[in-house]
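# Close look at the chain arrangement
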Amino acid sequence: MAGHRGTLGAAIRAGGRAVRRAVFGGATALLALLALPVVVAVVLLCCVGVGLPLLPVAARGVRRLAGVERRRVGAILGTPMTDAYRPLEGSLPTRVYTVLRDRQTRRDLLWLPVHGVSGLLAGFVGLALVLAALNNLTMPAWWWAVPGRSPSGVGFAVDSWGRAALTLPVAVLLGVLVPALVPPLVTGQARLCRALLGPPPGRSLAERLAEVTASRAAALEAHGVELRRIERDLHDGTQNRLVAVVMHLSLIERAIERDPAGALPLVHRTRQAAVDALDELRDVVRTIYPPILDERGLDGAVVTLAARCPVPCSVDTAGSVRAPASVEAAAYFITAEALNNVAKHSGAERVRVRLFHEEGTLVIEVDDDGRGDAREAAGGGLDGMRRRAEALDGRLTLTSPPGGPTRLRAELPCGC
């Protein structure tokens, strides 16, 4: 008996969850249908030239709506979804060209009517079944409370207590149909949306070659920037401290010849200068490859970063395995920079880091509940993280609507 009650309770909860998702999907479907004529109008205005400034704006709006739907579909199917948009940056002609060339944007245009129709249908069916079940369940009370009226059940008018009683099994039948029909309907509609909102299934050889060329150029540029940084750190820091050690040793040599007892303070200062130089050198080496990755692995290193973060941070490393050293180093620095950005700019109260492997790819997700509206600037932290990811033929995506939440997702191929 207890097992039957547990199964019934699970079915009711699943049905209720599916109805909520169907109704929310119906709301986004309505927005998609409302956005469709706006997008069509912008495209028609572009044909005469006056709509070009509006094209990137419309594309951003559609991307945000599609981002909301990706989160809903990911929650339904249990697999987080990512996008494959090209960044809308630069001058107006550059942004217009990006929109026209972006394959994911063209797929979004197909998604608008498909989701508008299928989402409204799924939302209507889910809500209609629930309302019809409640209507029939309360029909005897309505008939008794409003004498002289003949409220309708399903397919018949209620004009007697006998007919009023018949509405109760109809209500039960409709209640059974809710968990039986709505969850598969919602799942099917989510899969349809995933087929359009997910990354394009294939890329042309020219596009792939262009991406490889760009990622190789980014890798070389990032390598050059990293070498210049290391050289600057060694020149400005470690080298100066080592010069100080040499100068102190010369002073000690002279002091020993003149006043051996007075050389002791110089020995202490020289020792401290050598210690400072060693610490400086260790800091530089740590920026090349953090020793903690060898000592504790990527999971432990990220947990340490989270413990040092001023914003309360939780870490989920379920399903994570060891990756090549270059991939783990990139993941470590991307996570460190992401947490640093959260602490400095987001105003968040909570942040969550997830590490997991997905089809031979190490995925890092950093979610915060801050103010959102994060923007990528040339030479900034986000730009550096993107370069690190692209240097390994990976990708970095940022979803940060005004008001939050913000999600940063880095995908690093590792063959694991």
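Since the structure is predicted, the reported quantities are computational estimates derived from the model, not experimental observations.

### What to know about the pairing of strand 2 (residues 351-357)
- With 6 of its 7 residues buried, strand 2 lies for the most part within the structure.
- Pairing of strand 1 (residues 313-316) with strand 2, which is carried by 4 bridges, proceeds in the parallel orientation. Paired with Cys313 across the strands is Val351, a residue of strand 2.
- Taken together, strand 2 and the strand that follows it, strand 3 (residues 361-368), pair antiparallel across an intervening segment of 3 residues, in which Glu359 is found at a positive phi of about 55°.

### What about the sheet that holds strand 3?
- Overall, mixed pairing links the 5 strands, which are arranged 1-2-3-5-4 in an open sheet. Here the strands that pair on one side only, and so sit at the sheet edges, are strand 1 and strand 4 (395-399). Neighbouring strand axes in the sheet, compared pairwise and without regard to direction, differ in orientation by 10° on average.
- The sheet strands contacting helix 11 (residues 381-391) are strand 4 and strand 5 (406-413), and the helix crosses strand 4 at an angle near 145°.

### Here we look at the packing of helix 10 (residues 325-346) against helix 11
- The interhelical angle for the contact between helix 10 and helix 11, taken along N-to-C directions, is 165°, at an axis separation of 10 Å. In terms of orientation, helix 10 and helix 11 fall into the roughly antiparallel class. Judged by the twist between their axes, the crossing of helix 10 over helix 11 is left-handed. On helix 11, the residues touching Ala330, Phe333, Ile334, Glu337, Ala338 and Asn341 of helix 10 are Gly381, Leu382, Met385, Arg388 and Ala389.
- Tallied by class, residues from the contact of helix 10 with helix 11 come to 7 nonpolar, 2 polar and 2 charged.

### What about the side chain of Thr397?
- Topologically, Thr397 is positioned in strand 4.
- Look at Thr397 and you get buried, because its relative accessible area is 12%.
- Apart from the residues within four sequence positions on either side, Thr397 is in contact with Asp83, Arg407, Leu408 and Arg409.

### A word on the pairing of strand 4
- Taken together, the 5 bridges between strand 4 and strand 5 define a ladder with antiparallel strand orientation. Considered in strand 5, the bridge of Thr399 is made with Arg407.

### What about the pattern of salt bridges?
- Here the structure, examined in full by the defined rule, presents 11 salt bridges.
- The salt bridge partner of Arg63 is Asp102, with a shortest N-O separation of 3.6 Å. On the criterion of sequence distance, the pair formed by Arg63 in helix 2 (residues 54-77) and Asp102 in the loop between helix 3 (92-101) and helix 4 (103-137) is long-range, its members being 39 residues apart.
- Take Arg63: its relative accessible area is 15%, and that puts it in the buried class.
- The partner of Arg352 in a salt bridge is Asp316, and the shortest N-O contact between them spans 3.3 Å. Residue Arg352 is located in strand 2, and its partner Asp316 is located in strand 1; the two are separated by 36 residues in the primary sequence.
- Among the residues examined, Arg352 registers a relative accessible area of 37% and is labelled partly exposed.

### Details of a nonpolar patch on the surface
- Taken together, the side chains of Val23, Leu127, Leu131, Leu134, Leu137 and Leu168 present a nonpolar region at the surface, about 510 Å² in accessible area.
- The dominant element in the nonpolar patch, judged by the number of residues it contributes, is helix 4, at 4 residues.
- Mapped onto the elements, Leu131 comes out in helix 4.

### Description of the environment of Ala389
- Take Ala389: it is sitting in helix 11.
- The buried category is assigned to Ala389, whose relative accessible area is 0%.
- In this structure the C-alpha to C-alpha distance between Ala389 and Leu412, which are 23 residues apart in sequence, comes to 6.2 Å.
- Setting aside chain neighbours within four positions, we find Ala389 in contact with Ile334, Gly394, Arg395, Leu396 and Leu412.

Here is what the cut-offs are and how they apply
Chains are numbered independently. Their residues run from 1 in the order of the written sequence. Local features in a predicted model are, by the rule used here, given only for residues with pLDDT of at least 70; side-chain atom pairs are given and counted only at 80 or more, and totals for whole chains, interfaces and linings are based on all residues. The basis for every side-chain value is the complete set of heavy atoms in the structure, and neither hydrogens nor water enter the calculation. Throughout this description, buried means an accessible area under 20% of the type-specific maximum (1.4 Å probe, protein chains only), exposed means over 50%, and partly exposed covers the range between. The helix and strand labels rest on DSSP assignments: H or I over at least four residues marks a helix, E over at least two residues marks a strand, and numbering proceeds from the N terminus. DSSP calls a pair of strands paired once it identifies at least 2 bridges connecting them. In this analysis an axis means a line fitted to C-alpha atoms, helices contributing only their contacting stretch, and an angle means the value between N-to-C directions, from 0 to 180 degrees. Contact criterion: two residues are considered in contact whenever any of their non-hydrogen atoms come within 4.5 Å of each other. If an angle is under 35 degrees, it is roughly parallel; if it is over 145, roughly antiparallel; if it lies from 65 to 115, roughly perpendicular; otherwise it is oblique. If you view the pair so one helix is near and one far, a crossing is left-handed when the near helix is turned anticlockwise from the far one by less than a right angle, and right-handed when it is turned clockwise. Side-chain classes are defined by residue name, with Ala, Val, Leu, Ile, Met, Phe, Trp, Tyr, Cys and Pro counting as nonpolar, Asp, Glu, Lys and Arg as charged, and the others, Gly among them, as polar. Here, a salt bridge means any Lys or Arg side-chain nitrogen found within 4 Å of an Asp or Glu carboxyl oxygen. Candidate patch residues must exceed 30% relative accessible area and have no salt bridge, after which like charges are joined if within 9 Å and Val, Leu, Ile, Met, Phe, Trp or Tyr side chains if within 5 Å. Accessible surface area values rest on a Shrake-Rupley calculation with a 1.4 Å probe, where residue burial reflects the displayed protein chains alone.

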